[in-house]
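What the coordinates show
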Amino acid sequence: MRRVRRLTKIACCALFSSVIFNFTVDMHRANANETFQPNKAAVSPAKDKSSEPWWKHAVFYEIYPRSFADAKNTGTGNLAGITSKLDYLQELGVDAIWITPCFPSPQVDFGYDISNYCDIAPEYGTLEDFDKLVAEAQKRNIKVLMDFVMNHTSDKHPWFIESSSSKNNPKRDWYIWRDAKNGAVPNNWQSIFGHSAWKLDPKTNQYYYHIFYTEQPDLNWRNPEVRKAMYDAARFWLNRGVAGFRMDAVGVLFEDPSLKDNPLIADGKPNAYGDPAMQNKYNDNLPEIHEVFRELRSVLDSYPNNPVLIGETTVKSEAEIKSLYGAKHDEIQLPMNFFFAYLNKLSAPDFRKRITEAENMSASDWPLYFFSNHDERRHYDRYGDGKHNDQIAKLTAALLLTLRGSPILYYGEELGMKNNDPKTIEDVKDPIGKLGWPEFKGRDGERTPMQWSPDKNAGFSEAEPWLPVASSYTTYNVETERKDPESILNFYKTLIKLRRDNEALTHGKLKLVGCENPHVLSYVRSTEKQKILVCLNMSSQAQQLDLKEASSGSALRTLFSTMKDSPSNSPASNLSLAPYAVYLGELK
């Protein structure tokens, strides 16, 4: 559903919207007063977490398989490529990978138009390749999640081919078919990808509903046979060892059966395709979705080892996220927080507000945070100011990895990968980019190949990649950054390890402090045995802090700092932060 949120801003304006020591300074990347200083003495080993589900302490990592690694030199990534990079993922410290769709597909929407839910697309490999990936990942204590596209299929799926063959076909009601209304489309609903959400099938003279591309007809989730078939597809992958699913576009599973017209927004701006601004009142986030969440959750709960549901869920307000967990915590364990991800400005007060909203939910409602994914510009660009992007990338990483909750990383963000948007409409691969050009250039820019080395094609493939690599690959790549102790990659490794080694960062409570400061975001993570103060300077100016409210007279021992002159011990009442500094101190 993030695809819904991001594209709707243009296409449908009214949709509601190894710790590393002795770091030195890189003068052209960082402030001259900054370096990394983890303090070994301050590490408090995390407690045994076996009594809690694994996903509460996991660092998730999203992989776009077309772009991660090409082990067959075809120019397109594949499962064998992912398997070949598992050692890197283990080195980084991730606990689980989420693989975007790699099922058979005509690739109209690059895998989100599925023609077979129970197989692997030939361009990505075979089921045997998938089984090997899962087995090798398990050896490294890495879990594998699949992307579960529930709302729609490809129009080439056998179900839709049957459904469209005649009005009397047994699978006719597996999709949303309606007669014309007054010689035109059944109602005014719009596709997220532009224009009417209805397409006429001349063979049967009825319209079918598609909230995305015309090649992606919506399934009828009011049909129990559809539900059974989809839950069986989930079981197919659970039986092969997957640890759960990221659920795609689940907010739009249901539509009002009476097909009421959606209200137009009088003062709304038309979208990139000239469609009027519209509130998707009758085809988005209907209450019936919760019954499906409970049913799918019960399928997962019948399997061992706590498989997890991550929801691509968009709602009107952050307060509504709470309903997605379920009244009995029997729905989605980890709803994605888009309000946090897409603030798109480095603002301590605004992040404080979003964190407060998440913390106001019950303690058992575990947050899920992220900044980037395959549908949105990389946050290196969105949050960067063009001058301090590396420092800001480290700052946002520290925020993501020290909050109470589970983080999702998007492949390459740990390198500082930036968007590489198409230069001309002829360069565009993403169909929505062609439709929206030049106002919206599509999603190719955030899906470019992973940058493994400074070699040709960034080490992604010996063949020409399906998308061009960003020019930054010569310096922002795994091979180069591994050797640079001050790189963004090594920063991520350090913070992930600190998170794992300190129980307060893993599962401690969170309390915001210093809330009057407009430039510095500060909070305390605490358990009965450990308290850690986190301070993030979100400004280009040095800041002086008085956080005695956080210390209660306790000594503050530096656990981690991006400032080389940070003392090993410091009073919380007199804490200095360099521009864009990150500071973690343990309260003793």
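Parameters at a glance
- Residue indices follow the written sequence of each chain, beginning from 1 at its first position.
- A pLDDT threshold of at least 70 governs which residues receive local features in this predicted model, and a stricter bar of 80 or more applies before side-chain atom pairs are shown or counted, although totals over entire chains, interfaces and linings include all residues.
- Water and hydrogen atoms were dropped before computing side-chain values, which therefore reflect all heavy atoms in the structure.
- Strands here mean DSSP runs of E at least two residues long; helices mean DSSP runs of H or I at least four residues long; both are numbered from the N terminus.
- Categorising residues by exposure relies on relative accessible area from a 1.4 Å probe, with only protein chains included: less than 20% of the type maximum marks a residue as buried, more than 50% marks it as exposed, and the intermediate range marks it as partly exposed.
- Charged residues are defined narrowly, with Lys and Arg counted positive, Asp and Glu counted negative, and His plus the chain ends left uncounted.
- Counted as salt bridges are all cases of a side-chain nitrogen of Lys or Arg within 4 Å of a carboxyl oxygen of Asp or Glu.
- Distance and chemistry together define a polar contact, namely a pair of N or O atoms within 3.5 Å, with one atom able to donate a hydrogen and the other to accept it when in protein, and with adjacent residues in sequence counting only for side-chain atoms on both sides.
- The contact definition used throughout considers only heavy atoms, calling two residues in contact when any of these lie within 4.5 Å.
- Lines fitted to the C-alpha atoms define the axes, with helices restricted to the stretch that makes contact. Angles between their N-to-C directions range from 0 to 180 degrees.
- Here is the rule for handedness: rotate from the far helix to the near one, and if that takes an anticlockwise turn smaller than a right angle the crossing is left-handed, while a clockwise turn gives right-handed.
- Every residue is assigned a pLDDT by the predictor, reflecting its confidence on a scale from 0 to 100.
- Residue types Ala, Val, Leu, Ile, Met, Phe, Trp, Tyr and Cys, when buried and joined through side-chain atoms within 4.5 Å, form a set referred to as a nonpolar core.
- Note: two strands are recorded as paired if DSSP finds a minimum of 2 bridges between them.
- A helix is expected to span 1.5 Å multiplied by its residue count minus one.
- This arc is taken over the directions from the axis of the helix to the C-beta atoms.

Let's talk about unusual backbone geometry
- Note the cis peptide between Trp 437 and Pro 438, where omega equals 0 degrees.
- Positionally, Pro 438 belongs in the loop between helix 14 (431-436) and helix 15 (478-483).
- Non-glycine residue His 195 carries a positive phi angle of around 70 degrees.
- Within the fold, His 195 resides in the loop between strand 4 (177-178) and strand 5 (198-201).
- The phi dihedral of His 329 falls on the positive side, at around 55 degrees, and the residue is not glycine.
- Structurally, the position occupied by His 329 is in the loop between helix 9 (321-325) and strand 9 (334-335).
- On the accessibility criterion, His 329 (33% relative accessible area) is partly exposed.

Overview of the side chain of Arg 172
- By the element assignment, Arg 172 lies in the loop between helix 6 (158-163) and strand 4.
- Buried charge without a salt bridge: Arg 172, with Asp 201 as the nearest opposite-charge side chain at an N-O distance of 4.6 Å.
- Side chain to side chain, Arg 172 and Gln 206 meet in a polar contact 2.7 Å long.
- With residues near it in sequence (within four places) discarded, Arg 172 still touches Ser 163, Ser 164, Ser 166, Lys 167, Trp 177, Thr 204 and Gln 206.

Some points on the packing of helix 7 (residues 224-238) against helix 8 (residues 289-301)
- Two numbers describe how helix 7 lies on helix 8: the axes approach to 10 Å, and their chain directions differ by 35 degrees. Between helix 7 and helix 8 lies a crossing of right-handed hand. Across the interface between the two elements, Arg 227, Tyr 231, Ala 234, Arg 235 and Leu 238 from helix 7 touch Glu 291, Val 292, Glu 295, Leu 296, Val 299 and Leu 300 from helix 8.

A few points about the confidence of the model for the protein
- When pLDDT is averaged across the protein, the result is 91; 91% of the residues are at 70 or more.
- For the protein, per-element mean pLDDT is lowest for helix 1 (residues 2-11), which scores 41, and highest for strand 1 (residues 60-63), which scores 99.
- Segment residues 1-37 is flagged for pLDDT under 50; beyond a separation of four residues in sequence, or across chains, it makes 152 contacts in the model.
- Low pLDDT (under 50) marks residues 39-45, which in the prediction has 22 contacts with non-local residues, meaning those over four places away or in another chain.

Examining the nonpolar core
- Of all hydrophobic cores here, the largest spans 125 residues; its most connected members are Tyr 61 and Leu 399.
- With 19 residues, the next largest nonpolar core counts Trp 54, Ala 58, Ala 96 and Leu 368 among its residues.

A short note on the sheet that holds strand 11 (residues 406-410)
- Reading across from one edge, 9-8-7-3-2-1-11-10 is the order of the 8 strands in this open sheet, with parallel pairing throughout. Either end of the sheet is taken by a strand with one partner, and the two such strands are strand 9 and strand 10 (368-370).
- Sheet topology note: the strand 1/strand 2 (residues 96-99) ladder contains 4 bridges and is parallel. Across the sheet, Ile 63 pairs through a bridge with Ile 99, a residue of strand 2.

With respect to the sheet that holds strand 13 (residues 520-526)
- Reading across the sheet, the 6 strands line up as 12-13-14-19-16-17 and stay open at both edges, with antiparallel pairing between neighbours. The open sheet is flanked by strand 12 (509-513) and strand 17 (569-570), the only strands paired with a single partner.
- As defined by bridge partners, strand 13 adjoins strand 14 (residues 531-537) across 7 bridges and the pair is classed as antiparallel. From the neighbouring strand, Ser 522 faces strand 14, where its bridge partner is Cys 535.
- Strands in contact with helix 11 (residues 348-359) are strand 12 and strand 13; relative to strand 13, the strand with the most contacts, it is inclined by about 30 degrees.

Some words on the pairing of strand 6 (residues 206-209)
- What you see with strand 6 is no split at all: Gln 206 and Tyr 208 on one side and Tyr 207 and Tyr 209 on the other are buried throughout.
- Where strand 4 lies against strand 6, 2 bridges are found, and the strand directions are antiparallel. If you follow Trp 177 over to strand 6, its bridge partner there is Tyr 208.
- Inspection of the sheet shows strand 5 paired to strand 6 by 4 bridges, in the antiparallel sense. Note on strand 6: the bridge partner recorded for Trp 198 is Tyr 209.

Focus: the pattern of salt bridges
- Evaluated as defined, the whole model comprises 34 salt bridges.
- Note that Asp 87 is salt-bridged to Arg 140, the shortest N-O span being 2.6 Å. Of this pair, Asp 87 sits in helix 4 (residues 86-92) while Arg 140 is found in the loop between helix 5 (127-139) and strand 3 (143-149), placing the two residues 53 residues apart along the sequence.
- By relative accessible area, Asp 87 is classed as partly exposed at 46%.
- Between Lys 548 and Asp 546 there is a salt bridge, with the nearest N and O atoms lying 2.6 Å from each other.
- With a relative accessible area of 38%, Asp 546 lands in the partly exposed category.
- Each member of the salt-bridge network shares a partner with another, and the members are Asp 109, Asp 375, Asp 430, Arg 443 and Arg 447.

A short note on helix 11
- In this model helix 11 runs 16 Å from its N-terminal to its C-terminal C-alpha over 12 residues, within 8% of the 16 Å that 1.5 Å per residue would give.
- Turning to helix 11, its buried residues number three or more, namely Ala 348, Phe 351, Arg 352, Arg 354, Ile 355 and Ala 358. Along the axis of helix 11, the buried residues cluster in a sector spanning 165 degrees; they form a single face.
- Where helix 11 is buried, its residues meet helix 10 (338-341), strand 10, helix 13 (389-402), strand 12 and strand 13.

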